[in-house]
Amino acid sequence: MKVLVVGSGGREHALCWKLAASPVRPTVFCAPGNAGIATLATCVPIKADDVPALVDYAVATAVDLVVVGPEAPLVAGLVDRLQAAGLKAFGPSAAAARLEGSKGFMKDLCARHGIPTAPYGRFHDAAQARAFVRTQGAPIVVKADGLAAGKGVTVALTVDEALAAVDDVLVAGRFGAAGAEVVIEAFLAGEEASFFALVDGETALPLVAAQDHKRAFDGDSGPNTGGMGAYSPAPVMTPELTARVMAEIIRPTVRAMAAEGTPFKGVLFAGLMIVADPGDSGPALPKPDLPKPYLLEYNVRFGDPECQVLMKRLRSDLLPALEAVHEGRLGEISLDWHDDAALCVVLAAAGYPGEIITGSEIRDLEAAGAVPGVTVFHAATQRDGEGRVLAVGGRVLGVTAGGATVAEARGRAYLAVDRIDWPEGFCRRDIGWRAV
Ligand code: AMP
Ligand code: GLY
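The rules behind each value
- Residues numbered from 1 in each chain as written.
- Chains lettered and ligands numbered in written order.
- Predicted model: local features only at pLDDT ≥ 70, side-chain atom pairs only at ≥ 80, totals over all residues.
- Heavy atoms only, no water.
- Pairing = 2+ DSSP bridges.
- Helix = DSSP H or I, 4+ residues; strand = E, 2+ residues; numbered from the N terminus.
- Axes fitted to C-alpha atoms, helices over the stretch in contact; angles between N-to-C directions.
- Salt bridge = Lys/Arg side-chain N within 4 Å of Asp/Glu carboxyl O.
- Buried < 20%, exposed > 50% of the residue type's maximum accessible area, 1.4 Å probe, protein only.
- Polar contact = N/O pair within 3.5 Å; in protein donor to acceptor, adjacent residues only side chain to side chain.
- Core = buried A, V, L, I, M, F, W, Y, C linked by side-chain atoms within 4.5 Å.
- Contact = heavy atoms within 4.5 Å.
- Near = heavy atom within 4 Å.
- Nonpolar A, V, L, I, M, F, W, Y, C, P; charged D, E, K, R; others polar.
- Expected span 1.5 Å × (residues − 1).

What follows covers the sheet that holds strand 7 (residues 140–144). Read across the open sheet, the 4 strands follow the order 6-9-7-8; overall the sheet is antiparallel. Because the sheet does not close on itself, it has two edges, and the strands there are strand 6 (120–123) and strand 8 (153–156). Looking at each pair of strands side by side, their axes are set apart by 15° on average, direction ignored. Summarising the sheet, strand 7 and strand 9 (residues 182–186) pair through 5 bridges and their orientation is antiparallel. Looking at the pairing, Lys 143 lines up with Val 183 of strand 9.

Here we come to the pattern of salt bridges. Between side chains of opposite charge, pairing is possible as soon as their charged atoms come close. Counting across every chain of the model gives 26 salt bridges. Through salt bridges with shared partners, one network takes in Lys 88, Glu 323, Glu 327, Arg 329 and Glu 332.

For Tyr 120, the position within the fold is in strand 6. Residue classification places Tyr 120 among the partly exposed positions, given a relative accessible area of 23%. Placed 64 residues apart in sequence, Tyr 120 and Ile 184 show a C-alpha to C-alpha distance of 5.4 Å. Polar side-chain contacts of Tyr 120 include one of 3.3 Å to the backbone oxygen of Lys 107. Engagement of the side chain of Tyr 120 in a polar contact is seen with the side chain of Asp 108, the distance being 2.6 Å.

As a further point, take the nonpolar core. Formed by 53 residues in total, the largest nonpolar core has its most connected members in Val 66, Leu 99, Met 237, Ile 250, Leu 272 and Tyr 298. Residue contacts for Leu 99: discarding those within four places in its chain leaves Phe 105, Met 106, Leu 109, Thr 253, Met 257, Phe 264, Leu 268, Tyr 298 and Val 300. Ranked by size, the runner-up nonpolar core spans 42 residues in total, among them Leu 19, Leu 330, Ile 333 and Trp 337.

Turning our attention to the site of ligand 1. In the vicinity of ligand 1, 14 residues are found, and the nearest of them are Glu 185, Ala 186, Leu 188, Glu 192 and Glu 297. Contacts to ligand 1 include Ala 186, whose backbone N or O atom sits 3.0 Å from a nitrogen atom. One of the backbone N or O atoms of Leu 188 is found 2.9 Å from a nitrogen atom in ligand 1. Secondary-structure elements contributing two or more residues to the shell around ligand 1 are strand 7, strand 8, strand 9 and strand 17 (292–299). Partitioning the shell around ligand 1 into residue classes produces 8 nonpolar, no polar and 6 charged.

The next point concerns helix 9 (residues 239–259). With 21 residues, helix 9 extends 28 Å between its outermost C-alpha atoms, agreeing within 8% with the 30 Å of an ideal straight helix rising 1.5 Å per residue. Of the positions making up helix 9, those classed as buried are Leu 241, Arg 244, Val 245, Met 246, Ile 249, Ile 250, Pro 252, Thr 253, Val 254, Ala 256 and Met 257. Contacts from the buried residues of helix 9 go to helix 5 (94–101), helix 6 (103–113), strand 10 (191–200), strand 11 (204–206), strand 16 (265–275) and strand 17. Immediately downstream of helix 9, the backbone of Gly 261 shows phi near 85°, a positive value.

What follows is about the environment of Ala 94. Along the chain, the position of Ala 94 falls in helix 5. Among the residues examined, Ala 94 registers a relative accessible area of 23% and is labelled partly exposed. Each C-alpha atom, one on Ala 94 and one on His 213, is 28 Å from the other, the two residues being 119 residues apart in sequence. Not counting residues within four places of it along the chain, the set of residues in contact with Ala 94 comprises Leu 74, Val 75, Gly 77 and Asp 80.

By themselves these figures say nothing about function.
Here it is as structure tokens:
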């Protein structure tokens with residue numbers, strides 16, 4: 001069996017690692033991959049957003065399953081094109097990927113179907129958006145409608161900050177077409193969690209939950225990033241809350257997408273805010289039964305670095321589950337998980353998420369990977385002609401450890417981090433603080 005994974009990050013390394021370990025013994029290809037992925041898959045030099053080249057390659061290679069990692073090719077219709085060419089693919093159609101590709105689409109769907117999310121308005125016109133901000137007051141959240149690589153959200157603590165964000169998106173055009181519209185929504189206070197479910201169009205199968213750390217620096221300070229670390233399980237996601245998220249958010253979304261003629265297939269990643277005290281969020285919210293989960297956003301793919309800890313904890317074979325999603329047979333699948341916790345520490349290039357310098361050498365990765373329970377996932381690495389591993393992007397490595405508890409996993413992960421010789425990199429030292 002031939003499997004092609006699309007993408008080049010830590011998420012894709014974790015997916016390739018898990019798929020390569022399948023008892024089915026598939027041949028794994030990855031486009032474009034990275035230096036870590038190259039140790040267990042054949043890397044193909046096609047960019048993850050080059051839809052025509054990916055389709056041509058998958059057809060020519062007679063790939064049995066394509067697993068799409070990142071959101072951009074999903075929103076651009078890669079899965080539709082693969083299916084039109086007669087291939088099997090894991091991931092949503094372009095129409096279903098609008099759950100991530102347009103925040104306004106997602107909010108309207110929630111409104112039509114009674115799915116709990118922050119009250120909001122949608123605006124193309126800057127004057128109307130500014131007036132809405134002034135009547136609502138702060139704190140308030142301003143979001144570019146389209147894909148903005150995690151940079152399109154401003155949590156504004158003052159009205160002035162929100163007005164500046166509106167101008168940035170609608171007037172200055174900072175996000176181009178992705179910012180032709182803004183969603184402005186009420187600020188929710190609580191604890192965030194990353195919730196995942198496989199969905200085959202009708203049936204949803206929850207995976208374990210995780211928490212990530214979006215801010216660049218210790219103490220959840222500094223600018224927003226793609227994620228500086230993650231751990232699972234997430235103590236906030238009790239079994240009761242998991243059942244509520246499935247009943248109040250995930251299943252209604254799956255039914256709504258099917259009813260509207262755009263069934264969702266793939267992995268649905270709900271960014272949740274668990275609101276414990278509605279007083280924290282001001283009068284914008286009704287007084288719910290607490291703690292209540294609210295949907296902040298949908299992603300239509302695995303999280304990065306959440307995927308790294310999920311794959312570390314997954315005991316079952318991933319491959320049949322992904323095939324079952326494509327074939328609408330998810331009801332036949334059950335997944336086993338290790339009781340062990342997992343924790344991932346991201347090493348990023350100095351300067352990330354701002355300006356970075358690429359091309360620095362990383363040493364002693366083998367020593368790090370030799371720490372018991374540790375897997376070093378690569379995110380942005382490349383091997384040079386002499387076999388050295390070079391950093392070629394912002395988030396570069398995801399040092400991921402298992403352990404009996406989050407605390408044990410964290411101890412192992414930092415032991416491995418400290419063996420890596422990469423002066424040009426940095427990481428947070430407090431990943432998992434809520435759980436430890
Ligand atoms: P996103 O890029 O959509 O994941 O949003 C980035 C971050 O903004 C989220 O992880 C939250 O921390 C924060 N955020 C988004 N929406 C809200 C909201 N309505 N209330 C409070 N924080 C929010
Ligand atoms: N870590 C958050 C994301 O993948 O969007």
